[in-house]
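# Structural overview for review
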Amino acid sequence: MTEAHTKTLAVDGAVLTYDLHGDPTSAVPLLVLGSPMQASFFGPLVAELGDRPVITLDFRGTDRSRRDDPSTVVTPEEHAADLHLVATELGLAEVDAFATSGAAVNCLAWVEAGGPIRTLVAHEGPILSVLPDREQATAAWRRILDAYDADGLGAGMARFLQLVMHEGPITEADVSAPTPDPAMFGLPTTDDGDRTDPLLGQFRPCTFWEPNPAALRDADTRIVIGVGEQSRDTLPGRSALAQAELLGLEPTWFPAGHDGFLPPNEHGMGGDPVAFGARLREVLASSVTAG
C-alpha cells in the first residue's frame, strides 16, 4: 500500500481529518471506518487490502477530528452528513465501506440518507433497539452512562466492560449488578472531571439509534451484516444478528471477535488482521459479482 496522505476538511462545528491510501479516483474506494476507534488503529487491516484505494477517517470528536465545542454530542445522522461532505469534497460518485462498531451505525444512517455506498459491510453495530431484550440492554447502558456522569471514566468504563464481556441476553440481575472496582481493569479510580470521552461521552446517540428497516431494505446499497465468529453471543454480535434478521439477510461471518481486525495484544484482545482482511476482500468481491 502506498504512503497515506492526510487531509482535513472544515465543516460546521468541526474539522475532519482523513487519510487517503492510494488515489481514490483510480477505482471505487473503500472506506474503512470505526467509531469511536480512531483511524490509526486500522493500519494492519488496510495493509491487507492490496492496491485498492482506501480512505480512513476520524469521526468528529475522535482523535484528530476536533470539534469547536468538545461537549457537544454527535448523532449518527450528523456523522453520516460528515461522510457525505468528505465524499463530495473528493468528487466520489460511489464508494464501498467497511464500518465496524459505531461506524456501522453511522453508515447505516448514511444509507438511509441516500449516501453513495455501493456495498456496506456493517460489522457489529451496537444498536440496542433491535434486540429482543432491548429494555434490559437499554437500562444496562443507561447505568453505564449514569456511572460515567456521576463518577467519571473509571466507573463508567468498568460498567461498560462488564456489559460487553457478558454473553447472552441481558437480565434484570445484570442491570442491577454493582459497579465493578475500576482497578480490576487497570482503570483510574479517581474522577478527573472530564466528560468528553469519545466512547462514554459521545457514543450515546449511536446505541440508542432507531433504524428504518424499510428504508434500508429499499436502498440501492448492498448491505452485508458482519458478525464475529467469537463474539456472536456478546451484545454487539447479538445486535448484528438481530439486524440481519430485521433486514431479511443472512449474517456474514468474520474471523475472531468484535476487534478481530486488530493484531492480538498482551491483554488477550484483537484477532487476526491477515485472516480478517482476506475475508473482507472475499466479501467485497462477492458483492461486486452479485451486483
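Everything numeric in this text was worked out from a predicted model, so none of it was measured.

### Examining the overall build of the protein chain
- Across its full length, the protein chain carries 10 helices and nine strands.
- Computed over its C-alpha atoms, the radius of gyration of the protein chain comes to 18 Å, within 12% of the 19 Å expected for a compact globule of 291 residues.
- Along the first, second and third principal axes, the C-alpha atoms of the protein chain reach 55 × 40 × 40 Å.
- Taken across its 291 residues, the protein chain has 52% of its residues classed as buried.

### Re the packing of helix H4 (residues 134-151) against helix H5 (residues 153-164)
- As a packed pair, H4 and H5 sit with axes 6 Å apart at the nearest point and diverge in direction by 165°. One element, H4, and the other, H5, form an angle in the roughly antiparallel class. Every pair of crossing elements has a handedness; the one defined by H4 and H5 is right-handed. Along its contact with H4, which presents Ala-140, Trp-141, Arg-143, Ile-144, Ala-147, Tyr-148 and Asp-151, the element H5 presents Leu-153, Ala-155, Gly-156, Arg-159, Phe-160 and Leu-163.
- Grouping the amino acids of the contact of H4 with H5 by side-chain chemistry returns nine nonpolar, one polar and three charged.

### With respect to the side chain of Asp-197
- Looking at where Asp-197 falls in the secondary structure, it is placed in the loop between helix H6 (172-176) and helix H7 (204-207).
- Buried Asp-197, no salt bridge; nearest opposite-charge side chain is Arg-204, N-O distance 8.9 Å.
- Polar contacts involving the side chain of Asp-197 include one to the main-chain amide nitrogen of Leu-200, which spans 2.9 Å.
- Setting aside its immediate chain neighbours within four residues, Asp-197 contacts Tyr-148, Leu-153 and Gln-202.

### Quick notes on the environment of Asp-19
- In this structure, Asp-19 sits in strand S2 (residues 14-21).
- Residue Asp-19 is classed as buried on the basis of its relative accessible area, which comes to 8%.
- Sequence separation between Asp-19 and Leu-128 is 109 residues, and the spatial gap between their C-alpha atoms is 31 Å.
- With residues near it in sequence (within four places) discarded, Asp-19 still touches Ala-4, His-5, Thr-6, Ala-39, Val-54, Ile-55, Thr-56 and Arg-64.

### A few points about the pairing of strand S1 (residues 4-11)
- Bridge analysis of S1 against S2 gives eight bridges, and the strand direction is antiparallel. Within S2, the residue paired with Ala-10 across the bridge is Val-15.
- Between the antiparallel neighbours S1 and S2 lie two residues, among them Gly-13 with a positive phi of about 90°.

### Focus: H4
- Taking 1.5 Å of rise per residue, 18 residues should cover 26 Å, and H4 covers 25 Å from first to last C-alpha, within 8% of that figure.
- If you check which residues of H4 are buried, you get Ala-137, Ala-140, Trp-141, Ile-144, Leu-145, Ala-147 and Tyr-148. Buried residues of H4, viewed axially, fall in a sector of 155°; they line one side. Opposite the packed face of H4, turned more than 90 degrees from it, sit the exposed residues Glu-135 and Ala-150.
- The inward-facing, buried residues of H4 contact H5, H6, H7 and helix H9 (235-246).
- Following H4 by one or two positions, Gly-152 has its phi on the positive side, about 100°.

### Some thoughts on the state of the cysteines
- Summed over all chains, the structure comprises zero disulfides.
- Left unpaired, Cys-107 is separated from the closest cysteine sulfur, that of Cys-206, by 11 Å.
- Classification of Cys-107 as buried rests on a relative accessible area of 0%.
- Residue Cys-206 is classed as buried on the basis of its relative accessible area, which comes to 6%.

### Focus on the environment of Ser-35
- Along the chain, the position of Ser-35 falls in strand S3 (residues 30-35).
- A relative accessible area of 9% places Ser-35 in the buried class.
- Taking the C-alpha atoms as reference points, Ser-35 and Asn-106, 71 residues apart in sequence, are found 8.6 Å from one another.
- Apart from residues lying up to four places away in sequence, Ser-35 is in contact with Phe-59, Thr-100, Ser-101, Gly-102, Ala-103, Asn-106 and Phe-203.

### Quick word on the pattern of salt bridges
- One pass over the structure, following the stated rule, counts nine salt bridges.
- Where Arg-60 meets Asp-82, a salt bridge forms, and the shortest distance between an N and an O atom there is 2.7 Å. Here Arg-60 is found in the loop between strand S4 (54-58) and strand S5 (66-67), whereas its partner Asp-82 is found in helix H2 (residues 76-89), with 22 residues between them in sequence.
- Residues Arg-238 and Asp-133 are paired through a salt bridge, measuring 2.4 Å at the closest nitrogen-oxygen approach.

### A word on the nonpolar core
- Tyr-18, Leu-33, Trp-110, Leu-120 and Trp-141 are the most contacted members of the largest nonpolar core, which totals 62 residues.
- The leading source of residues in this core is helix H3 (residues 102-112), at eight residues.
- In contact with Leu-33, other than residues within four places in its own chain, are Phe-42, Leu-57, Phe-59, Leu-83, Phe-98, Ala-99, Thr-100, Ala-103 and Cys-107.

Reading guide: rules and limits
Residues numbered from 1 in each chain as written. Predicted model: local features only at pLDDT ≥ 70, side-chain atom pairs only at ≥ 80, totals over all residues. Heavy atoms only, no water. Helix = DSSP H or I, 4+ residues; strand = E, 2+ residues; numbered from the N terminus. Rg over C-alpha atoms; globule rule 2.2 N^0.38 Å. Buried < 20%, exposed > 50% of the residue type's maximum accessible area, 1.4 Å probe, protein only. Axes fitted to C-alpha atoms, helices over the stretch in contact; angles between N-to-C directions. Parallel < 35°, antiparallel > 145°, perpendicular 65-115°, else oblique. Left-handed = near helix turned anticlockwise from the far one by under 90°. Contact = heavy atoms within 4.5 Å. Nonpolar A, V, L, I, M, F, W, Y, C, P; charged D, E, K, R; others polar. Lys, Arg positive; Asp, Glu negative; His and termini not counted. Salt bridge = Lys/Arg side-chain N within 4 Å of Asp/Glu carboxyl O. Polar contact = N/O pair within 3.5 Å; in protein donor to acceptor, adjacent residues only side chain to side chain. Pairing = 2+ DSSP bridges. Expected span 1.5 Å × (residues − 1). Arc of directions from axis to C-beta. Disulfide = S-S within 2.5 Å. Core = buried A, V, L, I, M, F, W, Y, C linked by side-chain atoms within 4.5 Å.

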